[in-house]
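Structural features, examined
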Amino acid sequence: MKIIKTGKPLSERESESLNIYLNEIGKETILSDDEEKQLSQQIMAGGAAAERAIGKLTSANLRFVVSIAKQYVDRGVAILDLISEGNIGLMKAARSFDGSRGLRFVGYAEPFVRKAVEAAVNEQSGIFRLPKHEHSAEEKANSRAFSVDAPLQNGKNVNLLSILSDPTAARPDQEALETSVKEELLEAMNILDNRERNVVEAFYGIGQPHLTFAEIGEKMGLKRERVRQIRNKAVRKLNRNTTSDMLKAYLE
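Residue numbers restart at each chain and count upward from 1, following the sequence in its written direction. Where totals are concerned, whole chains, interfaces and linings use all residues; where local detail is concerned, this predicted model gives features only for residues with pLDDT of at least 70, and gives and counts side-chain atom pairs only at 80 or more. Only hydrogens and water are set aside; all other atoms, that is, all heavy atoms of the structure, feed into the side-chain values.

The name an unreviewed UniProt entry assigns to the chain is RNA polymerase sigma-70 factor, from the organism Segatella oris C735.

In structure tokens form, the structure reads like this:
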């Protein structure tokens, strides 16, 4: 039986809310490439139609946020909080998405969602974290697991696995990401000094896995707050020296 952990233990009400939410987003239809481009045009045009288009684009990709959030459930933040923050990142990505660039929305939105989730981890979890396989007995007891094969609602043939694993859903394309937002970021980083560049590469996952401020600090022998300051200074430099609205939106 497959299981996922939910981070902090859920109350009965929280568990019920999560199940209802997962059941609801599982009903959303995956958008085609043409549909995403049409919504992108409406968003760029602005007005009331843009807000409706943003809502439709984000609603169709909420399952993607859950798939990202569940990768961070062992870092001290409840799954509900991770999903909520990831949804904010998804909406931010929708507001600046340009479908004419040839990139599917989940590919464009992935760094926005991941950054929002990691920010929640940085803010809510402790500065120091035990190694992955060395959690205390208390931590293990506080990490509640539930079956993804179990029905989300009694009498309903819908489970978490059926929502998270959708073979028809568009998948993040790492190669496309490298040739769009991250390619622009790589070019812009020439103005940074070595330490700023190392922090930016680690925080945004350039050529390596994404790391939190705490993880970067441990790697570089710096305090987490110092890493945050270096990242913020580097972002200010990059914003002053780029005309790319997409890159500026990503760096916010």
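A word on the overall build of the chain. A run of H or I in DSSP counts as a helix once it spans at least four residues, and a run of E counts as a strand once it spans at least two, with each numbered from the N terminus. The helix and strand inventory of the chain stands at 14 helices and two strands. Here the chain, with 252 residues, has 46% of them falling under the buried criterion. Here, two residues are considered to be in contact whenever any of their heavy atoms come within 4.5 Å of each other. In the chain, 70% of the contacts between residues at least 6 apart in sequence involve partners at least 24 apart. Counting only carbon and sulfur atoms, one obtains 48% of the accessible surface of the chain, whose full area is about 13500 Å². Categorising residues by exposure relies on relative accessible area from a 1.4 Å probe, with only protein chains included: less than 20% of the type maximum marks a residue as buried, more than 50% marks it as exposed, and the intermediate range marks it as partly exposed. For every accessible area listed, the method is Shrake-Rupley and the probe measures 1.4 Å; residues are considered covered only by the protein chains on display.

Next up on the list: helix H11 (residues 194–203). Those residues of H11 that fall on the buried side of the exposure criterion are Glu196, Val199, Val200, Glu201, Ala202 and Phe203. Residue Asp193 occupies the N-cap position of H11, its side-chain oxygen lying 3.2 Å from the main-chain nitrogen of Arg195. After H11 finishes, the residue Gly205 shows a positive phi value of roughly 65 degrees. Under the rule applied, a polar contact is a pair of N or O atoms within 3.5 Å (in protein, one hydrogen donor and one hydrogen acceptor; residues adjacent in sequence only if both atoms are side-chain atoms).

Each salt bridge in this description consists of a side-chain nitrogen of Lys or Arg and a carboxyl oxygen of Asp or Glu lying within 4 Å of one another. Tallied over the full model, the rule gives ten salt bridges. Notably, a salt bridge pairs Lys37 with Asp33, separated by 3.7 Å at the nearest N-O pair. Remark: Asp33 and Lys37 occur in helix H2 (residues 33–45); sequence separation between them is four residues, near one turn of the helix. Take Asp33: its relative accessible area is 32%, and that puts it in the partly exposed class. As a salt-bridge pair, Arg114 and Glu110 come within 3.0 Å of each other at their nearest N and O atoms. Separated by four residues within a single helix, Arg114 and Glu110 lie in helix H6 (residues 105–124), roughly one turn from each other.

UniProt positions are given in the numbering used here, feature names are shortened, and annotations may be inferred rather than shown by experiment. In the numbering used here, UniProt assigns the feature "domain: RNA polymerase sigma-70" (unreviewed entry) to residues 81–94. The span residues 81–94 carries 100% helix and 0% strand; its end-to-end C-alpha distance comes to 20 Å.

Closest axis-to-axis distance for the helix H3 (residues 48–59)/helix H5 (residues 79–96) pair is 9 Å, and the angle between their directions is 130 degrees. It follows from the interaxial angle that H3 and H5 lie oblique. Both H3 and H5 take part in a crossing whose hand is right-handed. On H5, the residues that touch Glu51, Ile54, Leu57 and Thr58 of H3 are Leu90, Met91, Ala94 and Arg95. All amino acids are sorted into three groups, where Ala, Val, Leu, Ile, Met, Phe, Trp, Tyr, Cys and Pro are nonpolar, Asp, Glu, Lys and Arg are charged, and the leftover types, Gly among them, are polar. Classifying every residue of the contact of H3 with H5 gives five nonpolar, one polar and two charged. Under this scheme, a helix contributes an axis fitted over its contacting stretch, all axes are lines through C-alpha atoms, and angles between N-to-C directions fall in the 0 to 180 degree range. To sort the angles, those under 35 degrees are grouped as roughly parallel, those over 145 as roughly antiparallel, those from 65 to 115 as roughly perpendicular, and the leftovers as oblique. Two helices that cross are described as forming a left-handed crossing if the nearer one is turned anticlockwise from the farther one by less than a right angle, and a right-handed crossing if clockwise.

Another point: the packing of aromatic side chains. In this analysis, rings of Phe, Tyr and Trp, with Trp reduced to its six-membered ring, are considered paired at centre separations within 6.5 Å, and the interplanar angle assigns stacked below 30 degrees, edge-to-face beyond 60, and tilted for intermediate values. Applying the stated rule across the entire model yields five aromatic pairs. Centroid distance Phe97 to Phe105: 5.1 Å. Interplanar angle 70 degrees. Geometry classified as edge-to-face. Residue classification places Phe97 among the buried residues on the basis of a relative accessible area of 1%. Judged by centre distance (5.0 Å) and plane angle (90 degrees), the rings of Phe203 and Tyr204 are edge-to-face.

Once that is clear, we can look at the side chain of Glu118. Residue position: Glu118 is located in helix H6. Within polar-contact distance, the side chain of Glu118 engages the side chain of Tyr72 at 2.7 Å. Other than its neighbours up to four places away in sequence, Glu118 contacts Tyr72, Phe203, His210 and Leu211.

A few words now on the environment of Ala249. Examined against the element boundaries, Ala249 turns out to sit in helix H14 (residues 245–251). Expressed as a C-alpha distance, the spacing of Ala249 and Phe112, which sit 137 residues apart in the sequence, is 8.9 Å. Beyond its immediate sequence surroundings of up to four residues, Ala249 is in contact with Lys92, Ser96 and Phe112.

Looking now at a positive patch on the surface. Patch building starts from residues that exceed 30% relative accessible area and form no salt bridge, then joins like charges within 9 Å and nonpolar side chains (Val, Leu, Ile, Met, Phe, Trp, Tyr) within 5 Å. Positive: Lys, Arg. Negative: Asp, Glu. His and the chain ends are not part of the count. One atom stands in for each charge, and that atom is NZ of Lys, CZ of Arg, CG of Asp or CD of Glu. A cluster of basic side chains, namely Arg195, Arg226, Lys233, Arg236 and Arg240, defines a positive patch on the protein surface. Examining the composition of the positive patch, we find that four residues originate from one element, helix H13 (residues 224–240), more than from any other. Summarising the element assignment, Arg226 is placed in helix H13.

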